[in-house]
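Here is how the chains run, residue by residue.
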Amino acid sequence: PIVHAAPAYHAPIVHAAPAYHAPIVHAAPAYHAPIVHAAPAYHAPVVKGYAQPAYPDEPSPYTYTYAVADDYSNSNFNAAETGDGNGNAEGSYSVALPDGRTQHVNYKADGYAGYVADVTYDGAAVYPDAPRTLPCCPSPCLCWIRNTKTNNTDQNTDEKKIDNFN
């Protein structure tokens, strides 16, 4: 018979327990209040001999005129006005309107009658033709297809209906 030796028994390896070290405690940082200095005093400079200007309440008449004539943008307008300084004004202006006419305005304004204008126009108004729209369909082709499917007997009539939409 074959004899085997008994298995060898090995004792477990025992490690030493880790050493416990107490945490290192540092003292709390010392708090120092900020140093506050008083703001520097500001003294306005002293200017001798300065007096605020006095503006008299006198009427001040005025006149102005301007004009613009730009062929590229087709802008054409002008204005002119005179005032006597007592609230009375008189003037005129002209404007080229989008419909091809020119509007002229002559006016007077005062404290009694208010704003009174005389308006005149030069030229005749010209308006572009209104765009034609389709009454029932988004596209004339769809109307023609629909009409030919429903009535194949008279195709010329259907095409004439379509021509009325264009």
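Please refer to the structure placed before this passage.
These remarks concern the structure in this document. If you're wondering where the values come from, they're calculated on a predicted model, not measured in any experiment. (Residues numbered from 1 in each chain as written. Predicted model: local features only at pLDDT ≥ 70, side-chain atom pairs only at ≥ 80, totals over all residues. Heavy atoms only, no water.)

### Details of the overall build of the chain
Broken down by element type, the chain carries two helices and five strands. Counting from the amino terminus, the chain carries its helices and strands in the arrangement β-β-β-β-β-α-α. Among the 166 residues that make up the chain, the fraction classed as buried is 10%. A fraction of 15% describes how many contacts in the chain between residues 6 or more apart in sequence connect residues 24 or more apart. (Helix = DSSP H or I, 4+ residues; strand = E, 2+ residues; numbered from the N terminus. Buried < 20%, exposed > 50% of the residue type's maximum accessible area, 1.4 Å probe, protein only. Contact = heavy atoms within 4.5 Å.)

### Observations regarding the side chain of Asp 99
Mapped onto the secondary structure, Asp 99 falls in the loop between strand 3 (89-96) and strand 4 (102-110). Residue Asp 99 is classed as buried on the basis of its relative accessible area, which comes to 11%. Here the side chain of Asp 99 touches Arg 101 through a polar contact of 2.8 Å, side chain to side chain. (Polar contact = N/O pair within 3.5 Å; in protein donor to acceptor, adjacent residues only side chain to side chain.)

### Digging into the side chain of Ser 94
Looking at where Ser 94 falls in the secondary structure, it is placed in strand 3. Within the local environment of Ser 94, its side chain forms a polar contact with the side chain of His 104, the two groups lying 2.7 Å apart. Apart from the residues lying within four places of it in its own chain, the contact partners of Ser 94 are Asn 76, Phe 77, Asn 78, Thr 102, Gln 103 and His 104.

### Notes on the pairing of strand 5 (residues 114-122)
Where strand 4 lies against strand 5, nine bridges are found, and the strand directions are antiparallel. Residue pairing for strand 5: Ala 109 is matched across the bridge by Tyr 115. From the end of strand 4 to the start of strand 5, which pair antiparallel, there are three residues. (Pairing = 2+ DSSP bridges.)

### Points about the pairing of strand 3
As paired strands, strand 2 (residues 75-83) and strand 3 are joined by seven bridges and run antiparallel to one another. The partner of Thr 82 across the bridge, within strand 3, is Glu 90. Where strand 2 hands over to strand 3, the hairpin turn is made up of five residues, of which Gly 85 adopts a positive phi near 90 degrees. As judged from the eight bridges shared by strand 3 and strand 4, these two strands associate in the antiparallel manner. From the neighbouring strand, Ala 96 faces strand 4, where its bridge partner is Thr 102. Between strand 3 and strand 4, which pair antiparallel and follow one another directly, the connecting turn spans five residues, one of which, Gly 100, has a positive phi of 100 degrees.

### Focus: the pattern of salt bridges
Counted under the stated rule, the structure contains one salt bridge. One salt bridge connects Arg 101 with Asp 99, and the closest N-O pair in it is separated by 2.8 Å. (Salt bridge = Lys/Arg side-chain N within 4 Å of Asp/Glu carboxyl O.)

### Comments concerning the packing of aromatic side chains
Summed over the entire model, instances satisfying the criterion amount to four aromatic pairs. Their ring planes at 50 degrees and their centres at 6.3 Å tell us that Tyr 93 and Tyr 107 sit as a pair that is tilted. One end of the pair, Tyr 93, is in strand 3; the other, Tyr 107, is in strand 4, and 14 residues separate them in sequence. Every member of this aromatic cluster is reached through a ring pair, and the members are Tyr 64, Tyr 66 and Phe 77. (Phe/Tyr/Trp six-rings, centres within 6.5 Å; stacked < 30°, edge-to-face > 60°.)

### Re the sheet that holds strand 5
As summarised here, the arrangement of the five strands in space is 1-2-3-4-5, forming an open sheet in which the pairing is antiparallel. What marks the edges here is a single partner per strand, and that holds for strand 1 (62-70) and strand 5. Strand-to-strand, the axes of this sheet are offset by a mean angle of 10 degrees, without reference to chain direction. (Axes fitted to C-alpha atoms, helices over the stretch in contact; angles between N-to-C directions.)

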